[in-house]
Amino acid sequence: MSHNKGRLFVISGPSGTGKGTICAEILKDINNEFSVSMTTRAPREGEVHGREYYFVSHEEFVLNIEKGNFLEYATVFDNYYGTPKDMVIKRLEKGRNVILDIDVQGGLQVKSAMPEAVLIFILPPSLAELRRRLEGRGTETSDVVEKRLAKAVNEIRFIGEYDYYVVNDDLGAAVDLVKSIMASEASRVPEKVLPIIRKYEKEQKGE
Ligand code: ADP
Ligand code: 5GP
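Remember, it's a predicted structure, so these values are computed and weren't measured experimentally.

(A) Focus on the site of ligand 1. Surveying the vicinity of ligand 1 reveals 13 residues, the closest of which are G16, K19, G20, T21 and R137. Within the contact set of ligand 1, an oxygen atom lies 2.8 Å away from a backbone nitrogen or oxygen of G20. One of the side-chain nitrogen or oxygen atoms of N168 is found 2.8 Å away from a nitrogen atom of ligand 1. Here ligand 1 has 570 Å² of accessible area as a free molecule, and 72% of this is covered by the chains.

This is the structure in structure tokens:
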């Protein structure tokens, strides 16, 4: 990753742990942009096509797979979800940070395609609290809530593949921690440090 490119952040964690809520706070900073995924899941009440997701048919999703349009995609809770590649690349090139709210299968695919991505795992304070949040959100039927809870521990098993973890107990504290991780990553010496060295060499030569 070159000096002036944006950073790619992957946010994962069990459904209901607060990823969307945390992302909404992070996205108040205009340097951070959300990658809108494509999904075959039906929209929830209040969700807008192109804002939360691009809601598409199974056929349209498969067509996008065939065209190689995804940075990653996976089947999550019986539906396809995928990250459109072009938008992510374009925004990084423009120097913006890009935030992906994706599951662990997707997170691992991104890590292998773009090893410079920073992976952050959001944990609930407990499974009991996770259940309260999922039920409290009221967006899924009780069947779907049970499916999502059943998958939670399986997802947590992948935490070792991630770079950071944040326990979302107090929301403000969790958001502050994610922001400080992002700020620290902005100052990480890039793998390819040549652009930085060139800058000082040029100055030394008076160019
Ligand atoms: P996810 O995107 O991980 O599925 P959401 O962001 O939709 O989760 O959060 C699930 C529910 O939990 C929402 O109703 C949200 O308002 C609530 N929530 C999120 N963070 C907290 C927190 N720190 N404390 C209490 N409730 C929270
Ligand atoms: P939800 O249906 O609650 O919006 O999302 C369900 C799960 O799918 C969440 O864990 C969310 O992070 C994940 N998800 C959303 N978009 C994508 C995506 O583009 N790719 C992958 N792999 N997972 C996604």
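(B) Structural view of the side chain of S35. Within the secondary structure layout, S35 lies in the loop between β2 (32–34) and β3 (37–39). Sequence-distant contacts of S35, defined by excluding residues within four places in its chain, comprise T83, V88, R91, V98, I99 and L100.

(C) Just the sheet that holds strand β4 (residues 53–55), in detail. Ordered by their spatial adjacency, four strands build an open sheet running β4-β3-β6-β5, and the pairing between neighbours is mixed. Only two strands of the sheet have a single neighbouring strand rather than two, namely β4 and β5 (70–76). Each neighbouring strand pair of the sheet contributes to a mean axis angle of 25°, computed without reference to strand direction. In terms of strand pairing, β5 meets strand β6 (residues 79–84) through six bridges, oriented antiparallel. Each bridged residue has a counterpart across the sheet, and for T75 the counterpart in β6 is Y80. Contacts between helix α2 (residues 58–66) and the sheet are confined to β3, β5 and β6, with β6 contributing the most and set at about 45° to the helix.

(D) Geometry of the pattern of salt bridges. Inspection of the entire model under this criterion finds 19 salt bridges. For the salt bridge of E33 with R96, the shortest nitrogen-to-oxygen distance reads 2.9 Å. Of the two residues, E33 sits in strand β2 while R96 sits in the loop between α3 (85–93) and β7 (97–101), which places them 63 residues apart along the sequence. Its relative accessible area of 25% is what places R96 among the partly exposed residues. Between R148 and E140 there is a salt bridge, with its nearest N and O atoms 4.0 Å apart. This pair shows no difference in class: R148 is buried, exactly as E140 is. Members of the salt-bridge network, linked through shared partners, are R41, R44, E47, R137, E140 and R148.

(E) Region of interest: the sheet that holds strand β9 (residues 164–167). The five strands are arranged β2-β7-β1-β8-β9 in an open sheet whose pairing can be described as parallel. One side of each edge strand has no neighbouring strand; the edge strands of this open sheet are β2 and β9. Across the sheet, the axes of successive neighbouring strands diverge by a mean angle of 25°, strand direction being ignored. Pairing of strand β1 (residues 8–12) with β7, which is carried by four bridges, proceeds in the parallel orientation. Each residue of the ladder has a partner; that of I11, found in β7, is D101.

(F) Seen up close, the packing of aromatic side chains. For the structure shown, the criterion picks out eight aromatic pairs. Here the aromatic cluster, defined as three or more aromatic residues joined through ring pairs, consists of F61, F70, Y73 and Y80. Above the ring of F77, the side-chain terminus of K151 is found at 4.9 Å from the ring centroid. Over the ring of Y200 we find K199, and its NZ or CZ is 4.9 Å from the ring centre.

(G) Layout of the packing of helix α5 (residues 127–137) against helix α6 (residues 142–156). Taken N-terminus to C-terminus, the directions of α5 and α6 make an angle of 150°; their axes are 10 Å apart at the nearest point. In terms of orientation, α5 and α6 fall into the roughly antiparallel class. Seen from above, α5 lies across α6 with right-handed handedness. Contact residues: α5 offers L127, L130, R131, L134, E135 and R137, while α6 offers V145, E146, R148, L149, A152 and V153.

The rules behind the values
- Residues numbered from 1 in each chain as written.
- Chains lettered and ligands numbered in written order.
- Predicted model: local features only at pLDDT ≥ 70, side-chain atom pairs only at ≥ 80, totals over all residues.
- Heavy atoms only, no water.
- Near = heavy atom within 4 Å.
- Polar contact = N/O pair within 3.5 Å; in protein donor to acceptor, adjacent residues only side chain to side chain.
- Areas by Shrake-Rupley, 256 points an atom, 1.4 Å probe, with all protein chains shown as cover.
- Helix = DSSP H or I, 4+ residues; strand = E, 2+ residues; numbered from the N terminus.
- Contact = heavy atoms within 4.5 Å.
- Pairing = 2+ DSSP bridges.
- Axes fitted to C-alpha atoms, helices over the stretch in contact; angles between N-to-C directions.
- Salt bridge = Lys/Arg side-chain N within 4 Å of Asp/Glu carboxyl O.
- Buried < 20%, exposed > 50% of the residue type's maximum accessible area, 1.4 Å probe, protein only.
- Phe/Tyr/Trp six-rings, centres within 6.5 Å; stacked < 30°, edge-to-face > 60°.
- Lys NZ or Arg CZ within 6 Å of the ring centre and 35° of its normal.
- Parallel < 35°, antiparallel > 145°, perpendicular 65-115°, else oblique.
- Left-handed = near helix turned anticlockwise from the far one by under 90°.

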